[in-house]
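The lines below spell out each chain.
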Amino acid sequence: MQEILVTLYPWTKSLHIISMVAWMAGLFYLPRIFVYHAESAPSGSETSAIFKVMERKLLRFIMNPAMIATWIFGILLLLTPGAVLWASDFWIYPKLAAVALLTWFHHWCGRRRRDFEGDANTRTGRDYRVMNEVPTLALLAIVILAVVKPF
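A brief report on the enclosed structure follows. Throughout, residues of each chain are indexed from 1 in the direction in which the sequence is written. It should be noted that, the model being predicted, local features are given only for residues of pLDDT at least 70 and side-chain atom pairs only at 80 or more, the latter also being counted only at that level, while totals for whole chains, interfaces and linings use all residues. Water and hydrogen atoms play no part in the side-chain values, which are based on all heavy atoms of the structure.

## As for the overall build of the protein chain
What the protein chain contains, in helices and strands, is six helices and zero strands. Runs of E in the DSSP output that reach at least two residues are strands. Runs of H or I that reach at least four are helices, and both are numbered from the N terminus. Starting at the N terminus and ending at the C terminus, the protein chain contains elements arranged as α-α-α-α-α-α. Principal axes of the C-alpha set define a box for the protein chain whose edges measure 55 × 30 × 15 Å. Sequence-distant contacts in the protein chain: of pairs separated by 6 or more residues, those separated by 24 or more amount to 77%. To measure how exposed things are, a 1.4 Å probe is used in the Shrake-Rupley method; for residues, cover is taken only from the protein chains shown. Carbon and sulfur atoms make up 69% of the accessible area of the protein chain, which amounts to about 8600 Å² in all. The convention is simple: Lys and Arg are positive, Asp and Glu are negative, and His and the chain ends are not counted. Throughout, a charge is located at the NZ atom of Lys, the CZ atom of Arg, the CG atom of Asp or the CD atom of Glu. Taking the average place of the 15 positive charges on the side chains of the protein chain and the average place of its 10 negative ones, the gap between the two points comes to 2 Å. Here, two residues are considered to be in contact whenever any of their heavy atoms come within 4.5 Å of each other.

## Digging into the nonpolar core
Among buried residues, those of type Ala, Val, Leu, Ile, Met, Phe, Trp, Tyr and Cys that are joined through side-chain atoms within 4.5 Å constitute a nonpolar core. Burial status follows relative accessibility: with a 1.4 Å probe on protein chains alone, a residue under 20% of its type maximum counts as buried, one over 50% as exposed, and anything between as partly exposed. Counting 26 residues, the largest nonpolar core has Leu27, Leu30, Leu102 and Phe105 as its most contacted members. If you list the elements that add at least two residues to this core, you get helix H2 (9-40), helix H3 (46-79), helix H4 (92-117), helix H5 (125-131) and helix H6 (133-147).

## Details of H4
Owing to its 3.6 residues per turn, the α-helix brings residues three or four apart onto one side. Taking 1.5 Å per residue, 26 residues should reach 38 Å; H4 reaches 37 Å between its end C-alpha atoms and fits that length. Note on H4: the residue one or two positions beyond its end, aspartate 119, has a positive phi of about 55 degrees. Multiplying 1.5 Å by the residue count of a helix minus one yields the expected span of that helix.

## Comments concerning the side chain of lysine 52
Along the polypeptide, lysine 52 turns up in helix H3. By relative accessible area, lysine 52 is classed as buried at 13%. In terms of polar contacts, lysine 52 uses its side chain to reach the backbone carbonyl oxygen of glutamate 117, at 3.4 Å. Apart from the residues lying within four places of it in its own chain, the contact partners of lysine 52 are His37, Phe116, Glu117 and Asp119. Polar contact is defined as a pair of N or O atoms within 3.5 Å, subject to the rule that within protein one atom must be able to donate a hydrogen and the other to accept it, and that residues adjacent in sequence are counted only when both atoms are side-chain atoms.

## Remarks on the packing of aromatic side chains
The aromatic pairing rule takes the rings of Phe, Tyr and Trp, using the six-membered ring of Trp, and pairs them if the centres are within 6.5 Å, calling planes under 30 degrees apart stacked, those over 60 edge-to-face and the rest tilted. With the rule as written, the count across this model stands at eight aromatic pairs. With centroids separated by 5.7 Å and ring planes inclined at 15 degrees, the aromatic side chains of phenylalanine 105 and tryptophan 108 adopt a geometry described as stacked. With a gap of three residues between them, phenylalanine 105 and tryptophan 108 both fall in helix H4, about one helical turn apart. One aromatic cluster is present, formed by Phe34, Trp104, Phe105, Trp108, Phe116 and Tyr128 through successive ring pairs.

## Structural notes on a nonpolar patch on the surface
Exposure above 30% relative accessible area and the absence of a salt bridge qualify a residue for a patch, where like charges join within 9 Å and nonpolar side chains (Val, Leu, Ile, Met, Phe, Trp, Tyr) within 5 Å. One side-chain nitrogen of Lys or Arg within 4 Å of one carboxyl oxygen of Asp or Glu is enough to make a salt bridge. Nonpolar side chains collect at one region of the surface, where Leu137, Leu140, Val143, Ile144, Val147 and Val148 lie side by side and expose about 580 Å² of accessible area between them. Here valine 147 is to be found in helix H6. Overall, valine 147 belongs to the exposed group, its relative accessible area being 64%.

## Quick notes on the environment of arginine 111
Tracing the backbone through its elements, the reader meets arginine 111 in helix H4. Along the chain, arginine 111 and asparagine 121 lie 10 residues apart, while their C-alpha atoms are 10.0 Å from each other.

Printed below as a string of structure tokens:
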């Protein structure tokens, strides 16, 4: 198994990056849709119904599969011999914490989507604008930690 992981390492890493890019696109876009939904689509309106479809499809057909693929390929990378030296590569721990933050944010977005679906949203467009900074900050941390490996 270890030999296969080493041989497939470039493919695994490529698929991890591709999955992560798709996931991040959704994490950036869904809160932006929430802003527009909260600010310009009253409950029960035709516009609100359109936003609900957009939100559901983005989450279910793009974000969920991309998050799952990112996790699968990331775990395979962690299992690849030599990819991470757990005793000395301390950068991996805050990186994993940032990935956990993104995962939490993904699920937070899922809960907000259900709020909109049930016409029970209580947050403002400004709230969603502020929360839209979470994936940006996490992405900055993840990329710097994975590429620069500062510690």
